[in-house]
Amino acid sequence: MKQLPSPALIVFGCLLAALPASAEEKQGNIVEYLGKEKVTDTVEGTAIHTFTKGLVMGGSRASRNTGSTPKEPIVASLLLDPTFRIEEGTEGRRSRGGDVMKWETIEADEKQEFSDRRLRSGYLYLEYDSAGEQTVLLDASGSTKVFVNGLPHEGDHYDFGWSLIPIHLKAGSNNLLMTGGRFSRMRARLLVPKAPVQLTPRDKTLPDILVEDDAVLLGGIRIVNASNDWFAGTIECDLGGNSRTTAIARVSPLNTRKVAFQIPSPSNPDGEKQSASVILKTAAGTELSRLGIVLNVRSQHAHHKRTFLSRIDQSVQYYAVAPCTNHELAKPAMFLSVHGASVEATGQAAAYKQKDWGHLVAPTNRRPFGFAWEDWGRLDALEVLNHAEQLFDTDQQRTYLTGHSMGGHGTWYLGATYPDRFAAIGPAAGYPDLLSYRDSFRHRLKTASDEDLERFGMTRKRADQMVKEMESKTVEHPDMDAMIRRAGNPSRTLKLQRNYLQQGVYILHGEKDTVVPTYLAREMREVLAKFHPDFCYYEYPGGTHWYGNHSVDWQPLFDFFQFRKIKASEEIEKLEFHTASPGVSASSHFVTIIQQVNPFEISSFQFERGELPKLTFANVSAVSVDLKKMGQPDKIKVTDQEFDVKRREAISLKLDGDSWTLVEEIPKSEKGPHRSGGFKDAFRHGLMLVYATGGSASENTWYYHRAKHDAETFYYRANGNVEIVPDTDFVSANHVDRNVILYGNQDNNAAWESLLQGAPLQVANGSLQLGDRTLTGDHYGAYVIYPRKDSAFASVGVVTATGDRGMKAAYSNHYLVNGTSFPDVLIFDDKVLAEGLDGVTASGFFGNDWSVENGDFVWKSSE
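For clarity, every value in this text was computed on a predicted model and none was experimentally measured. (Residues numbered from 1 in each chain as written. Predicted model: local features only at pLDDT ≥ 70, side-chain atom pairs only at ≥ 80, totals over all residues. Heavy atoms only, no water.)

Participant: So, the sheet that holds strand E46 (residues 780-787): which residues are in play, and what are the values?
Facilitator: Pairing is mixed across the open sheet formed by eight strands, whose spatial order is E41-E40-E42-E47-E46-E48-E49-E50. With partners counted over all chains shown, the strands left at the sheet margins are strand E41 (723-726) and strand E50 (856-859), one partner each. Within the sheet, the average angular offset between the axes of one strand and its neighbour, ignoring direction, is 15°. Sitting on the sheet, helix H15 (residues 697-718) is in contact with strand E40 (688-691), E41, strand E42 (740-743), E46 and strand E47 (795-801), with an inclination near 165° to E40. (Pairing = 2+ DSSP bridges. Helix = DSSP H or I, 4+ residues; strand = E, 2+ residues; numbered from the N terminus. Axes fitted to C-alpha atoms, helices over the stretch in contact; angles between N-to-C directions. Contact = heavy atoms within 4.5 Å.)

Participant: So what's going on with unusual backbone geometry? Which residues, and what values?
Facilitator: The peptide bond linking Gly 677 to Gly 678 adopts the cis configuration, its omega dihedral lying at -15°. Locating Gly 678 in the fold gives a position in the loop between strand E39 (659-663) and E40. For Gln 632, which is not glycine, the phi torsion reads 60° and is therefore positive. By the secondary structure assignment, Gln 632 is in the loop between helix H14 (627-630) and strand E36 (635-638).

Participant: Describe the packing of aromatic side chains, with residues and values.
Facilitator: Applying the stated criterion across every chain, the model contains 45 aromatic pairs. Between Phe 51 and Tyr 128, the ring centres sit 6.4 Å apart and the planes meet at 75°, which makes this aromatic pair edge-to-face. Placement of Phe 51 in the loop between strand E1 (45-50) and strand E2 (53-57) and of Tyr 128 in strand E7 (residues 123-130) is noted, with a sequence separation of 77 residues between them. Across the pair, Tyr 128 and Phe 51 agree in class, each one buried. Three or more aromatic residues link up through ring pairs in this structure, and these residues are Phe 371, Trp 376, Phe 679, Phe 683, Phe 714, Tyr 783, Tyr 815, Phe 822 and Phe 828. Here the basic side chain of Arg 564 rests over the ring of Phe 560, its NZ or CZ set 3.7 Å away from the ring centre. Over the ring of Trp 702 we find Lys 808, and its NZ or CZ is 5.3 Å from the ring centre. (Phe/Tyr/Trp six-rings, centres within 6.5 Å; stacked < 30°, edge-to-face > 60°. Buried < 20%, exposed > 50% of the residue type's maximum accessible area, 1.4 Å probe, protein only. Lys NZ or Arg CZ within 6 Å of the ring centre and 35° of its normal.)

Participant: So what about helix H12 (residues 518-529)? Which residues, and what values?
Facilitator: Between its first and last C-alpha, H12 extends 17 Å over twelve residues, near the 16 Å set by a 1.5 Å rise per residue. Within H12, the full set of buried residues consists of Thr 518, Leu 520, Ala 521, Met 524 and Leu 528. The arc that holds the buried residues of H12, viewed along the axis, is 160°, so those residues lie on one side. On its buried face, H12 sits against helix H7 (406-417), helix H8 (434-447), strand E28 (504-510) and strand E29 (535-540). (Expected span 1.5 Å × (residues − 1). Arc of directions from axis to C-beta.)

Participant: So what's going on with the layout of surface pockets? Which residues, and what values?
Facilitator: A volume near 1,500 Å³ is recorded for the second largest pocket. Taken together, 48 residues line the second largest pocket, and the ones lying closest to its centre are Leu 382, Asn 386, Tyr 418, Arg 421 and Ser 587. Broken down by secondary-structure element, the contributors of at least two residues to the lining of the second largest pocket are strand E22 (304-309), helix H6 (375-392), strand E31 (587-588), strand E32 (591-595) and strand E35 (622-626). Broken down by element, the residue count for the lining of the second largest pocket peaks at eight residues, all from H6. Each residue belonging to the lining of the second largest pocket can be placed in one class, and the counts come to 17 nonpolar, 16 polar and 15 charged. (1 Å grid on protein atoms, 1.4 Å probe; cavity = no way out; pocket = protein on both sides within 12 Å on 5 of 7 lines; lining within 4 Å. Points joined across faces, edges and corners; volume = space filled by probe spheres on them. Nonpolar A, V, L, I, M, F, W, Y, C, P; charged D, E, K, R; others polar.)

Participant: Requested: an account of the pairing of E29, with residues and values cited.
Facilitator: With six bridges connecting them, E28 and E29 associate as parallel partners. Its bridge partner lying in E29, Leu 508 is registered against Tyr 538. Crossover connection from E28 via H12 to parallel E29: handedness right-handed. (Right-handed = clockwise from strand over helix to strand, strands pointing away.)

Participant: Explain the confidence of the model for the chain to me, using residue names and the numbers behind them.
Facilitator: A low pLDDT score tells you not to read the predicted coordinates there in detail. Of all residues in the chain, 94% have pLDDT values of 70 or greater, and the mean over the chain is 92. Throughout residues 1-36 the model reports pLDDT below 50, and contacts reaching past four residues in sequence, or to other chains, amount to 98 contacts. (pLDDT = per-residue confidence, 0-100.)

Below, the structure is given as structure tokens:
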């Protein structure tokens with residue numbers, strides 16, 4: 001691994017750092033920083049047009065990707081104003097400083113890329129005149145989103161060169177609006193596909209072949225369907241004289257989907273690499289596309305990577321392993337190492353020498369940037385931990401957690417969220433909370449030199465203005481803002497800080513780290529010093545953000561780990577546990593918090609064994625206790641109540657007023673660890689996207705592309721594999737226990753009745769009803785999560801609207817971005833795109849019985 005340059009710092013909008021000159025001077029995209037080549041080949045087709053002229057307008061860095069409802073006035077005009085036109089010299093928007101910003105001509109450079117500082121969080125507008133209707137592949141990079149003739153698509157904001165979007169061009173003028181973000185460069189070209197359906201070599205997920213293992217392996221590969229028909233067929237993989245055939249799920253029209261396929265184990269693998277053929281065939285067996293792949297051959301006793309099938313979305317994910325050198329060791333330890341921003345899991349594991357007392361595994365966070373180990377990054381870490389513990393048969397009392405940079409944050413976060421899974425944690429160069437890391441940008445702006453500011457195209461006046469805005473305590477609609485932010489409490493690590501009492505903590509940080517400022521580690525040292533009896537702090541003298549592999553593979557840290565293990569439950573004398581949502585984290589040892597009094601506020605329990613074991617709770621309304629794990633007491637005390645629990649292995653308790661009552665169990669139809677909201681939780685459990693086909697032609701087109709937009713985003717950000725299904729093909733009995741994301745309303749989506757009949761939310765053309773409140777008009781949209789009544793744990797996520805304007809207002813899928821928060825319900829009108837929070841009508845949480853009456857909601861006073 002090498003020292004991460006400035007883009008590692010841009011991950012959350014932090015644009016300034018005093019890095020060494022070698023890093024500062026290095027130019028290029030994030031792929032080049034990692035020592036890889038950006039994808040530039042166009043083997044999927046022939047380029048018919050490369051965009052070299054366009055219009056550019058600057059944006060606002062501070063307002064983009066910083067909340068659940070960002071202000072996007074240009075997008076609002078594009079989608080909602082039929083008179084909106086983009087032409088040279090026309091006014092587009094005002095800067096945060098009040099200056100009028102206009103569309104100006106821009107031309108591509110010699111690399112056929114547009115390069116301009118204004119593209120960083122700005123906009124690029126392009127036009128193409130097509131002689132007739134045709135289907136092409138859009139190969140574009142550097143943008144966060146791309147709107148093609150007003151329809152949204154995911155961009156390629158990490159500039160990997162992975163984007164390959166089949167689009168339909170109309171005869172005459174076609175327009176593209178690309179929204180900027182991370183880099184000041186963009187590229188766009190149009191390809192005529194070489195075949196209607198084909199495999200692409202871009203962004204494969206492949207395992208290593210292990211010479212000692214003859215098991216069938218799993219890979220992930222993308223199918224490009226540039227036709228107007230649904231495609232279903234098979235993938236055949238031939239390797240070393242063996243063959244495996246995998247039936248693939250349908251790929252929707254004009255879509256690219258990454259699917260799982262089986263790879264046979266070669267009969268006698270030799271050498272360092274093995275070549276294989278991957279063949280795409282129709283259901284009738286006709287070959288459509290053939291691709292060669294190369295797999296590394298490794299020993300299972302050396303560094304390697306493994307793949308597995310994720311339960312989140314049936315995608316193929318991988319993790320890297322630095323295996324234990326003692327092959328005969330029974331029940332070795334497990335080290336879970338979580339990587340930093342832009343780092344591959346293979347690079348993370350390679351930074352460690354193999355240990356003689358345990359296996360080290362490095363999950364991917366779903367992508368090199370992923371989700372900062374929150375949301376689906378958190379779920380990926382848990383899937384890998386569970387998979388590896390079972391595979392390697394490790395000692396679960398000796399499981400440890402460490403990570404660097406963003407992975408240092410992941411260590412703080414996962415350690416606080418699952419304190420009984422780890423005997424000790426070791427955050428290296430980490431920040432405890434995304435909010436504190438974002439706040440470090442303010443600190444850097446205040447202390448930046450004029451030279452630093454000039455390098456980022458910023459004046460001292462503008463920097464001072466941004467600092468003033470960041471320090472302002474004024475909030476629009478504070479009650480609404482607080483309700484939305486409450487859904488993010490599971491990510492507020494410092495609210496869970498006392499969970500670290502269950503672990504040893506070793507903090508490692510470079511003395512001169514300016515990427516994750518050293519003062520953040522010193523602040524955590526002060527936090528722990530107030531209550532924690534078992535932590536160590538080491539500041540590496542002269543250390544920057546990355547000062548060699550010992551930035552992570554630090555022997556004193558592993559020595560610290562070796563002397564700690566998780567206590568057996570029956571040995572615990574005192575225990576406390578805190579959580580913001582049972583759906584994220586519910587248990588520690590023998591106590592499980594099932595329901596909360598106030599959803600997504602901090603809940604906790606305290607346990608003291610003593611002569612009579614005692615439990616006390618805060619913000620808890622239902623709980624279960626595993627008495628067998630506790631040590632089989634005859635009696636326990638809950639607050640001031642005593643319960644006879646002799647000969648009982650477990651009990652469930654429910655709060656009734658101020659008293660606790662023994663109950664048989666908490667019904668699965670109610671909220672609990674299995675299903676507790678908010679809206680983001682809908683995107684798991686084998687999610688599938690069901691779009692409306694029963695509306696007008698424009699509605700049907702929009703809702704299909706809206707579902708495809710989410711599928712594209714989940715693929716790009718989460719290496720995902722998402723199934724898209726028309727409502728007329730959806731049959732509940734055929735998709736048992738799968739989460740469903742429903743696009744449309746009860747008038748245009750045929751699946752609404754089977755999934756949401758009797759739900760407190762009902763949406764039709766012209767009206768939205770939630771409980772006893774009804775909103776009328778075509779301008780409302782909503783994001784809602786609700787349980788599938790035919791499943792004990794699956795949910796329905798609803799992306800809905802009352803008409804055309806509400807439908808367009810619901811274009812944004814910021815719920816698939818880490819650092820954003822969405823309650824069970826978010827209702828908004830068509831002002832939300834341009835005005836952000838001011839366009840939110842209502843937000844809140846259903847009650848534990850999934851009712852509105854027992855829930856907690858905030859409504860805009862005018863509604």
